[in-house]
Amino acid sequence: MCGIIATVGRASAVPVLLDGLKRLEYRGYDSAGLAIVTDQGLALHRRVGRVRELSSGVPADLQSTVGIAHTRWATHGKVTEANAHPHLDGGSRIALVHNGIIENMGALKARLEADGVVFRSETDTEVLVHLVSRYYHSEDEAVTAGDPVAAVRAALRAVRGTWGIAVLFADRPDVLVAARNGSPLVVGLADGQSYLASDPHALVPYTRRVVFLEDGEMALIDANGVQTFQQDGGRIDSAVETLEEVWGDEDAGGFPHLMLKEIHEQPEALERCLSGRVIPETGTAHLGGMDLNPRDMARLSRVSLLGCGTAYFACQVGARLIEDLARVPAKAEIASEFRHRNPVVDPEALFLAVSQSGETADTLGAVREIQLKGGNVVGVVNVVGSSIARACGRGVYIHSGPEMAVASTKAFSNMVAALSVFTLMLARQRTLSAHQGVVYAEQLRAVPGLVKRYLADPGPIDELVKWVTDSRMVLFLGRGISAPVASEGALKLMEVAYVPCIAYPAGEMKHGPIALLEPGSPVIVVAPRDDVCDKTLSNLQECRARGARVAVIHTEGDDIGELADLSIPVPATGPFFSPLLTVLPLQLLAYRTGLVLGRDIDRPRNLAKSVTVE
Ligand code: M6R
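Everything numeric in this text was worked out from a predicted model, so none of it was measured. (Residues numbered from 1 in each chain as written. Predicted model: local features only at pLDDT ≥ 70, side-chain atom pairs only at ≥ 80, totals over all residues. Heavy atoms only, no water.)

### Some details on the domain arrangement of the protein
Working step 1: Split into domains, the protein comes out as domain 1 (3–242), domain 2 (250–456) and domain 3 (457–602).
Working step 2: One C-alpha centre belongs to domain 2, the other to domain 3; they are set 24 Å apart.
Working step 3: Contacts between the two partners involve 37 residues from domain 2, matched on the other side by 36 residues from domain 3.
Working step 4: Between domain 2 and domain 3, a total of about 3200 Å² is buried, with carbon and sulfur atoms accounting for 70% of that surface.
Working step 5: Three residues, H257, M259 and Y454, lead the burial of domain 2 against domain 3; their summed loss comes to 22% of the area buried on that side.
Working step 6: The interface formed by domain 2 and domain 3 includes one salt bridge.
Working step 7: Between R453 and E556 there is a salt bridge, with its nearest N and O atoms 2.9 Å apart.
Working step 8: The tally of links from domain 2 across to domain 3 stands at 14 residue pairs in polar contact (both at pLDDT 80 or more).
Working step 9: Elements represented by at least two residues in the side of domain 2 that touches domain 3 include exactly α6 (258–264), α7 (266–274), α9 (310–326), α13 (410–429) and α14 (434–456).
Working step 10: Broken down by element, the residue count for the side of domain 2 that touches domain 3 peaks at 10 residues, all from α14.
Working step 11: By residue class, the composition of the side of domain 2 that touches domain 3 is 24 nonpolar, 10 polar and three charged. (Domains from an automatic or database assignment. Contact = heavy atoms within 4.5 Å. Buried area = accessible area lost by both parts, 1.4 Å probe. Salt bridge = Lys/Arg side-chain N within 4 Å of Asp/Glu carboxyl O. Polar contact = N/O pair within 3.5 Å; in protein donor to acceptor, adjacent residues only side chain to side chain. Helix = DSSP H or I, 4+ residues; strand = E, 2+ residues; numbered from the N terminus. Nonpolar A, V, L, I, M, F, W, Y, C, P; charged D, E, K, R; others polar.)

Below, the structure written as C-alpha cells:
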C-alpha cells in the first residue's frame, strides 16, 4: 500500500528517494512520485506505473539535498499522474505526501474552493496541502505564518481521518515536517543526514538508529536529527531505538518469483518458529513474550483471535486448536468487522491480534478498541517493531523472516505454527496430560521435515492447474480444521491467478453451492486423516455424483485418493497440525496457475502487501 520515503542532509536526495521507493515496492502501489527543492524552487516528478518508469524520467543531474517521495495505492481518485503524490499547493511552494484517508475531505474541499483554491487532483490528500499553505503563507495567520510545524499542526486540526505525512517547504530546504495518526512513520538518524519512512525496510541501507512516531505526534527533521512534538502542543522526548531485525534486499534468490522462494522457505521458517519454544521432553511449550503466568492461563475465560485475509484463516485454525486441545472457548473474528460492532470486551478473555505486517489498519484498529475497553490483547506478528507489535507491547513473533510477495504463504504457516505452540502451552497449563503433551510436541517438531519432504516431490499439481486455468469457478471444501485451509486455498488462487473461487465447510455444500456444480466443475477437497474425514468423503461423493471433477488432498497412505479423479497425498502428521501440510499443494496450485496464465505473481493487480487504510 502507500509508502513514504524522505530525506534531508548533506547527501544528494534523489538517489536516496529512488532507492527508498524501490524498497517500498513490495507493499503494492500503482503510481509513484517525488518532490525536491532545487535552486529554482520545487521540482516534481510523478508517473503511473513502476518506480523504474519514474526513475527513467528524473534527470540524472538534478541537484538537491532534501526531498519527499511516495508510492500510491489509489483510494480517492483513479490511477493517474495528477492523482499521484506528492501534491503541491497553489503556488507550488509546498509539497506533501500522505498515507491514510482524510474523511472530511468533501466539506474541506468545498470550503477551500469557495475561497478560490483550484484543485488539480481528485485526491483527499490535496486538501491537506492547501490547508498547510493557507496557514503557512497567509498574513492573516500571524501565529502560523512562516512556521512549518505550526502551519502543519493548524492544518491537521481541521481534518478528520488517518495520516502519515511528510511536508516539504521550498523556502525551508533545511527541514521536513512529519505527522502521524494511524499510518506508521519512522525517522532514521545518521551522521549529517536524516530520513523519514513509512516502513523501516526503506531505511536499512542508511541507518539502524530510529525514532518511531506514535499516533498524535509530529516531527521537525533536519540534517542533525529530529525534534518531536505532540500534535496539540509541546515537545516530547522520543526514544532513539536500534532496529534489531533488519530485512535484506528483496531478492528471489535464484527462484523465478518471490512467492515460490517463500513457499520453499517454509521448512526453515517453521524451524525458526518452533525451535526453543516446543519442549518435547516435557510435552510443553514456552513463549516468554506473552508474559502469561500459569495462573493467568488457568483463569482465561475465552480466547478471541483477530486478523484479516490469510491471517484470519490462520486465526480460524488457531481457534479450533485452542478449543479442542486446550478446552478454552475460542473464536476467530475478522478484524475489519470488530470495532464497528461495538464489541463487548471481556476483561478475563485473551485477545490475539494476528498479522504478518503488523501494520494492517483494521487489525490495529481492533487492538485499540480492545485496549480502550480494558481488554487484554497480545500480538502474533511477523514484523518486529511494527505498529501492532508495539501497540500490544507483548506477544509472539512468528519469525517467518521477510515475506515480500503480496500473496502470503510462509507467514500463514508460521502463524499456524505459533498458534499451535501457544495452544500446547495453554493446554498443558489446563487439561492436557504430560503424556499427550509429549505426543503433540513431537508431532509439531517433526513438521518442518515433513514440509521439506513434500515440497521436494509435490505430486500432480500441474494436472490440477490444467483443470482450473479455464474454469469459471473452483469450489474448495474442507471440514473442521481443514475448512480454513480450503478458504486459504481459494483466496490464494483468486489473488494470484484471478480465478473465481468459493470455499465452503464441506457439510454446508449441500445447502447451496451444490447448485453451481455441473459436469466437469473442478472441486478441491481437503480431507486429511482426522475424525471428520469420513464425513468429508461423503460430500466428495455428492460432488462426483453431479459430474464434478474432484481432486482430494489427503494423508499419504490412505486409500482416499481412489475415490477422487485426482489424488494429492501429503505426509502424515497428527490431526491437529495437518493444515501445515495440506496448505502446501494449494499454495503451489495458485503459484503455477498464475504462472500458466501469465499473471504478475508477486504483485497481483489491485492488491497491496501492507493494507494500512481501513
Ligand atoms: O499483514 P497482515 O497479515 O495483517 O495482512 C492481512 C491480509 O491483508 C493478508 O493476509 C492478505 O489477505 C494477503 N494478500 C493474502 O495472501
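### Observations concerning the nonpolar core
Working step 1: Core analysis: the biggest nonpolar cluster contains 99 residues, and M290, L352, F422, F476 and L493 have the highest contact counts within it.
Working step 2: Looking at this core element by element, the count peaks at 13 residues for α13.
Working step 3: Those residues within four positions of F476 in sequence are excluded, and the remaining contacts are A486, G489, A490, L493, C501, I502, A503, Y504, I524, L586 and L589.
Working step 4: Formed by 31 residues, the second largest nonpolar core is a distinct cluster that contains I94, L156, M218 and F229. (Core = buried A, V, L, I, M, F, W, Y, C linked by side-chain atoms within 4.5 Å. Buried < 20%, exposed > 50% of the residue type's maximum accessible area, 1.4 Å probe, protein only.)

### What about the pairing of strand β19 (residues 330–334)?
Working step 1: Relative to β19, strand β18 (residues 303–307) runs parallel, the two being bridged by five bridges. The residue bridging L306 from the neighbouring strand is E333, located in β19.
Working step 2: Between the parallel elements β18 and β19, the chain passes through α9 in a crossover that is right-handed. (Pairing = 2+ DSSP bridges. Right-handed = clockwise from strand over helix to strand, strands pointing away.)

### Description of the pattern of salt bridges
Working step 1: For the structure shown, the criterion picks out 24 salt bridges.
Working step 2: Between R134 and D115 there is a salt bridge whose closest N-O contact spans 2.8 Å. Here the residue R134 occupies a position in helix α4 (residues 125–137), and D115 occupies one in the loop between α3 (105–114) and α4, the gap between them amounting to 19 residues.
Working step 3: Under the relative-accessibility criterion, R134 is labelled partly exposed at 29%.

### Focus on the pairing of strand β20 (residues 350–355)
Working step 1: Counted residue by residue, β20 has six buried out of six residues, so it is predominantly covered.
Working step 2: On β20, burial covers both faces: L350, L352 and V354 on one face and F351, A353 and S355 on the other are all buried.
Working step 3: As paired strands, β18 and β20 are joined by four bridges and run parallel to one another. Among the inter-strand pairings, S304 is bridged to a residue of β20, identified as F351.
Working step 4: Running through helix α11 (residues 361–372), the crossover from β20 to the neighbouring parallel element strand β21 (residues 376–381) is right-handed.

### Some points on the site of the ligand
Working step 1: Around the ligand, 16 residues are found, and the nearest of them are S355, Q356, S357, T360 and E495.
Working step 2: Here an oxygen atom of the ligand and a side-chain polar atom of T360 are 2.4 Å apart.
Working step 3: Only α9 and α16 (483–497) provide two or more residues apiece to the shell around the ligand.
Working step 4: The greatest single-element share of the shell around the ligand, amounting to three residues, is contributed by α16.
Working step 5: Tallied by class, the residues present in the shell around the ligand amount to seven nonpolar, seven polar and two charged.
Working step 6: Inspection of the shell around the ligand shows a minimum of three residues originating in each of domain 2 (250–456) and domain 3 (457–602). (Near = heavy atom within 4 Å.)

### Quick word on the sheet that holds strand β9 (residues 186–190)
Working step 1: Strand order in the open sheet formed by eight strands is β3-β2-β4-β1-β10-β9-β11-β15, and the pairing between neighbours is antiparallel. In this open sheet, the two strands that pair with only one neighbour each are β3 (41–48) and β15 (241–242).
Working step 2: Two strands pair when backbone bridges link them, and strand β11 (residues 209–212) and β15 are joined in this way by two bridges, in the antiparallel orientation. Residue pairing for β15: V210 is matched across the bridge by E241.
Working step 3: The sheet strands contacting helix α1 (residues 13–24) are β1 (3–9), β2 (31–38), β4 (66–72) and β10 (193–197), and the helix crosses β1 at an angle near 155 degrees. (Axes fitted to C-alpha atoms, helices over the stretch in contact; angles between N-to-C directions.)

### Looking at unusual backbone geometry
Working step 1: Look at the link from H85 to P86: it is a cis peptide, with omega at 0 degrees.
Working step 2: In this fold, P86 is placed in the loop between β4 and β5 (87–88).
Working step 3: Of note in this structure, D291 is not a glycine but carries a positive phi near 55 degrees.
Working step 4: Residue classification places D291 among the exposed positions, given a relative accessible area of 56%.

### Structural notes on the environment of D215
Working step 1: For D215, the position within the fold is in the loop between β11 and β12 (217–222).
Working step 2: What D215 contacts, discounting residues up to four positions off in sequence, is R180, N181, G182, S183 and R368.
Working step 3: Polar contacts involving the side chain of D215 include one to the side chain of R180, which spans 2.7 Å.
Working step 4: Looking at D215, its side chain comes within polar contact range of the main-chain nitrogen of G182, at 2.6 Å.

### Concerning the environment of L131
Working step 1: Within the fold, L131 resides in helix α4.
Working step 2: Separated by 28 residues in sequence, L131 and V159 have C-alpha atoms that sit 9.4 Å apart.
Working step 3: Leave out the neighbours within four places in its chain, and L131 touches L108, L112, A155, A158 and V159.

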